[in-house]
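Residues per chain are reported as follows:
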Amino acid sequence: MKVKVISILEDNYMYLIIDEQNRGAVAVDPAVPHRLLQIVNREGVSLVAVLTTHHHWDHARGNEDLLKEIPGLRVYGGDDRIKGLTDKVTNCQELKFNSINVRCLFTPCHTAGHMCYFVWEDDCTDSPAVFTGDTLFIGGCGKFFEGTAEQMHHNLTEVLGTLPEDTKVFCGHEYTKRNLKFALMVEPENEKVKEMLSWAKARDDDDKPTVPSTLLEEFEYNPFLRLSNEAVQRFTGKTDPIEVLRVLRKEKDNFKKPKDRVPAHAMMALEWGLLRS
């Protein structure tokens, strides 16, 4: 099983999962369909299915165009709001595309119908993969747009956190550097965070993706998976894991790295209503 990592839009990822024996392929969140089709043709594979993590335009907008281009294509997802949806899936439902197996994992919170997809290949020693959309990022987690801290806690600890530790994590956006800057603020003595941040900066300088990570690695530096860690609890002032997560997400929502901060003169102009949108 080969996974093609495809950078699109400003910071999104779409993916092409290739069955190298049968030359079939499954796409994940193909929001730029013409780019995907170019890669499908170059790889010499047949696109048989689309897995959509959630309905937001930057993940689902390519579905309808792909359906027009490829007769018989199936589009899977867990939300009726997904454009071009042909097959609505449910939690723990399993799909099979030749030797590629997919388990659908319902992870509501970022959106009410969000699905992650755990993927493995028959008779293959390669590590499995999980496509986490906007639920789990490298070093972070998604915003709670349509859900609660309780739901995200369940998603991270009971659903994704119980997958095999060697599972490769393919997320929906390139947020790694900023996530790790926040993680360093939460755990300033965490050497793994420092190491990963240095690595992520180098990848960014070379315009290279930071995906995939593994679940084992995420447990070492992702504060949203380290809710029982003393330093994380000290940062939040909480000990109950759900409350720790709730505070972390609120702090992350307000987090700005130095170059993102509005200059003082611009802030003054904003306050006086001198800037126009």
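My aim in this report is to walk through the structure given alongside it, one point at a time. The structure presented is a predicted model; accordingly, all values stated were derived computationally and were not measured.

Here we take up the sheet that holds strand β2 (residues 12-19). Read from one edge of the open sheet, six strands run β1-β2-β3-β4-β5-β6, paired in mixed fashion. Each end of this open sheet is capped by a strand with a single partner; those strands are β1 (2-8) and β6 (87-88). Docked against the sheet, helix α1 (residues 33-43) engages β1, β2, β3 (24-28) and β4 (46-51), running at close to 150° with respect to β1.

Turning next to empty space enclosed by the protein. Tallied over the full model, the rule gives one cavity of 30 Å³ or more. If you add up the space inside the largest cavity, you get close to 40 Å³. Lining the largest cavity are D19, G24, A25, V26, V48, F97, N98 and I100. For the lining of the largest cavity, the per-class residue count stands at five nonpolar, two polar and one charged.

As a further point, take the environment of E94. With respect to the helices and strands, E94 occurs in strand β7 (residues 94-97). If near-sequence neighbours (up to four positions away) are discounted, E94 is found in contact with V102, R103 and W120. A polar contact of 3.0 Å, which involves the side chain of E94, links it to the side chain of R103.

Attention now goes to the packing of aromatic side chains. As enumerated under the stated definition, the model contains 10 aromatic pairs in all. Geometrically, the ring pair formed by Y15 and F170 is edge-to-face, given 5.3 Å between the ring centres and 75° between the ring planes. Residue Y15 is located in strand β2, and its partner F170 is located in strand β13 (residues 168-171); the two are separated by 155 residues in the primary sequence. Among the residues examined, F170 registers a relative accessible area of 5% and is labelled buried. Taken together, the ring pairs connect Y13, Y15, F131 and F170 into an aromatic cluster.

Within the secondary structure, K208 sits in the loop between α6 (191-205) and β14 (213-214). A relative accessible area of 43% places K208 in the partly exposed class. Taking the C-alpha atoms as reference, K208 lies 24 Å from K252; in sequence the two are 44 residues apart.

As a further point, take the pattern of salt bridges. Going through the model one piece at a time under the given rule, you end up with 17 salt bridges. Between E146 and R81 there is a salt bridge whose closest N-O contact spans 2.8 Å. Separated by 65 residues along the polypeptide, E146 in the loop between β12 (140-141) and α4 (149-160) and R81 in the loop between β5 (74-77) and β6 bring together distant segments of the chain. With a relative accessible area of 38%, R81 lands in the partly exposed category. Taken together, the shared-partner salt bridges in this structure form one network comprising K2, K4 and E43.

The rules behind the values
Residues numbered from 1 in each chain as written. Predicted model: local features only at pLDDT ≥ 70, side-chain atom pairs only at ≥ 80, totals over all residues. Heavy atoms only, no water. Pairing = 2+ DSSP bridges. Helix = DSSP H or I, 4+ residues; strand = E, 2+ residues; numbered from the N terminus. Contact = heavy atoms within 4.5 Å. Axes fitted to C-alpha atoms, helices over the stretch in contact; angles between N-to-C directions. 1 Å grid on protein atoms, 1.4 Å probe; cavity = no way out; pocket = protein on both sides within 12 Å on 5 of 7 lines; lining within 4 Å. Points joined across faces, edges and corners; volume = space filled by probe spheres on them. Nonpolar A, V, L, I, M, F, W, Y, C, P; charged D, E, K, R; others polar. Polar contact = N/O pair within 3.5 Å; in protein donor to acceptor, adjacent residues only side chain to side chain. Phe/Tyr/Trp six-rings, centres within 6.5 Å; stacked < 30°, edge-to-face > 60°. Buried < 20%, exposed > 50% of the residue type's maximum accessible area, 1.4 Å probe, protein only. Salt bridge = Lys/Arg side-chain N within 4 Å of Asp/Glu carboxyl O.

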